[in-house]
Amino acid sequence: MSDDEEDEPAVELGDGQDVAGVPITQVSARLMWGIEKSDVRRREGDTTIRTPDGPRELGDVLDEIDRTYFDQRQTFESAVRDVIGHGPVPTE
């Protein structure tokens, strides 16, 4: 970065309300695939994720998933979305 460039974000952020939790894609990006559900719980179980019904701990969502192993990122995200649902995430 040159001295002439300013330290501003590349995308301007809005002034709206904050959204509690992190996107499930952010959690899945931190993991290596394939992975057992118990390892996901150990590493990220206390992480609060965004859902259409408001924030939830990932460990609680994992309790509702029957799978014990996720072979790839898409499998994990699909299983989580089957539990939390699809749709817009409410702001605080």
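Nothing here was measured: the structure is a model prediction, and the numbers come from that model.

Calculation notes
Residues numbered from 1 in each chain as written. Predicted model: local features only at pLDDT ≥ 70, side-chain atom pairs only at ≥ 80, totals over all residues. Heavy atoms only, no water. Helix = DSSP H or I, 4+ residues; strand = E, 2+ residues; numbered from the N terminus. Buried < 20%, exposed > 50% of the residue type's maximum accessible area, 1.4 Å probe, protein only. Contact = heavy atoms within 4.5 Å. Core = buried A, V, L, I, M, F, W, Y, C linked by side-chain atoms within 4.5 Å. Arc of directions from axis to C-beta. Polar contact = N/O pair within 3.5 Å; in protein donor to acceptor, adjacent residues only side chain to side chain. Phe/Tyr/Trp six-rings, centres within 6.5 Å; stacked < 30°, edge-to-face > 60°.

Draft legend 1. Representation of the overall build of the protein chain in the model. Along the protein chain, the regular secondary structure elements total 4 helices and 4 strands. Its helices and strands in sequence order give the protein chain the pattern α-β-α-β-β-α-β-α, from N to C terminus. Looking at the 92 residues of the protein chain, the share that counts as buried comes to 29%. Restricting the contact set of the protein chain to residue pairs at least 6 apart, pairs at least 24 apart contribute 60%.

Draft legend 2. Quick look at the nonpolar core. Judged by nonpolar contacts, the single largest core of 16 residues is most densely connected at Val40, Ile49, Leu58, Phe70, Phe76 and Val80. Among the elements that make up this core, the one with the highest residue count is helix α4 (residues 73-84) (4 residues). For Leu58, the residues in contact, after removing those within four places along its chain, are Ile24, Val27, Val40, Glu44, Gly45, Thr47, Ile49, Phe76 and Val80.

Draft legend 3. Here's a closer look at helix α2 (residues 37-44). Here α2 has its buried residues at Lys37, Val40 and Glu44. Buried residues of α2, seen end-on, are gathered within an arc of 60° and therefore sit on one face of the element. The elements touched by buried residues of α2 are α1 (24-29), β1 (35-36), α3 (58-63), β4 (69-70) and α4.

Draft legend 4. Spatial organisation of the side chain of Thr47. In this fold, Thr47 is placed in the loop between α2 and β2 (48-49). A polar atom in the side chain of Thr47 sits 2.7 Å from the side chain of Glu44. Residue contacts for Thr47: discarding those within four places in its chain leaves Val22, Val27, Arg30, Arg56, Glu57 and Leu58.

Draft legend 5. Structural view of the packing of aromatic side chains. As enumerated under the stated definition, the model contains 2 aromatic pairs in all. Between Phe70 and Phe76 the ring centres are 5.2 Å apart and the planes differ by 80°, which places this aromatic pair in the edge-to-face class. An aromatic cluster is defined as three or more aromatic residues linked by ring pairs; in this entry it consists of Trp33, Phe70 and Phe76.

Draft legend 6. Structural detail: unusual backbone geometry. The omega angle of the peptide bond from Trp33 to Gly34 is -5°, so this bond is cis rather than trans. On the secondary structure map, Gly34 appears in the loop between α1 and β1.

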